[in-house]
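One letter stands for each residue in the lines below.
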Amino acid sequence: HWLIAVIVIGLIGVGWYMVRLSDEDIWYWRLLDLHEAAGLSLLVLVPLKIVWMAVSPNPKFPSTLAAWEIIVAGVVRGLFILAIVLIPISGFLFVATNGEAVTLYDLITIPSIGEVSRSPRDWLGDIHYYVSYGCAALVVLHVLAAIKHHLLDGDATLRRMMF
């Protein structure tokens with residue numbers, strides 16, 4: 001959970017900063033390499049996370065939670081899973097359909113799928129962009145909910161998430 005969370009938050013931050021740079025800026029290309037490599041790492045980690053979730057049941061919710069909070073928690077969890085699947089896949093396909101290979105930390109090179117016309121690539125870029133910002137909003141909601149449970153409700157939700 002925490003490794004994927006750190007990678008996703010880092011990717012959102014790097015991606016947000018990177019797109020504001022000129023493609024003539026050396027930092028754009030350095031950050032793009034980092035962004036692609038970390039995104040490809042998610043393509044490996046997310047299936048492992050999904051398998052782990054299938055074989056390791058989640059702890060039960062505290063009895064103090066309202067029914068609507070349990071429903072919202074389930075919806076947010078499902079949206080997080082969807083986002084962490086869609087974001088790296090759409091990003092990879094966006095890059096791999098540009099006719100260029102994708103490298104992972106200069107260790108592994110994944111060949112290009114080939115060149116695809118602009119319209120499908122734009123669609124992939126839009127999915128990557130909008131789902132990433134949606135995921136960022138979910139992160140904020142998740143953090144605010146944890147703080148609310150800790151400070152206002154005084155329950156153990158935040159402690160359960162941390163350890």
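The structure displayed is predicted, hence computed values, not measured ones. (Residues numbered from 1 in each chain as written. Predicted model: local features only at pLDDT ≥ 70, side-chain atom pairs only at ≥ 80, totals over all residues. Heavy atoms only, no water.)

Peer 1: Now, about the overall build of the protein chain: what can you tell me, with residues and values included?
Peer 2: The secondary structure content of the protein chain amounts to five helices and two strands. When the helices and strands of the protein chain are placed in sequence order, the string is α-α-α-β-β-α-α. Across its three principal axes, the protein chain shows a C-alpha extent of roughly 55 × 35 × 30 Å. Of all 163 residues assigned to the protein chain, the portion counted as buried reaches 31%. Pairs at least 24 residues apart make up 63% of the contacts formed inside the protein chain by residues separated by at least 6 positions. Carbon together with sulfur atoms contributes 71% to the accessible area of the protein chain, which is approximately 10,700 Å² in total. Taking the 10 positively charged and 13 negatively charged side chains of the protein chain as two groups, their mean positions are separated by 15 Å. (Helix = DSSP H or I, 4+ residues; strand = E, 2+ residues; numbered from the N terminus. Buried < 20%, exposed > 50% of the residue type's maximum accessible area, 1.4 Å probe, protein only. Contact = heavy atoms within 4.5 Å. Areas by Shrake-Rupley, 256 points an atom, 1.4 Å probe, with all protein chains shown as cover. Lys, Arg positive; Asp, Glu negative; His and termini not counted. Charge placed at Lys NZ, Arg CZ, Asp CG, Glu CD.)

Peer 1: For the pattern of salt bridges, give the residues involved together with the corresponding values.
Peer 2: Pairing between side chains of opposite charge can happen when the charged atoms of each approach one another. All told, the structure shown has two salt bridges when counted by the stated rule. When the shortest N-O distance is used, the salt bridge between Asp 153 and Lys 148 registers 2.6 Å. For Asp 153, a relative accessible area of 40% gives the class partly exposed. A relative accessible area of 27% means that Lys 148 is categorised as partly exposed. The network of salt bridges with common partners includes Glu 69, Lys 148 and Asp 153. (Salt bridge = Lys/Arg side-chain N within 4 Å of Asp/Glu carboxyl O.)

Peer 1: Can you break down helix 3 (residues 67–96) residue by residue, with the values?
Peer 2: Compared with the 44 Å implied by 1.5 Å per residue over 30 residues, the 44 Å span of helix 3 between its first and last C-alpha is a close match. All of the buried residues along helix 3 are Glu 69, Val 76, Phe 80, Ala 83, Ile 84, Ile 87, Pro 88, Ser 90, Gly 91, Phe 92, Val 95 and Ala 96. Summarising the contacts, the buried residues of helix 3 are in contact with helix 1 (2–18), helix 2 (26–55), strand 1 (102–104), strand 2 (108–110) and helix 4 (118–153). (Expected span 1.5 Å × (residues − 1).)

Peer 1: Kindly report on the confidence of the model for the protein chain, identifying the contributing residues and their values.
Peer 2: Of all residues in the protein chain, 98% attain a pLDDT of 70 or more, and the chain-wide mean is 87. Ranking the elements of the protein chain by mean pLDDT puts helix 5 (residues 157–162) last, at 71, and helix 1 first, at 92. (pLDDT = per-residue confidence, 0-100.)

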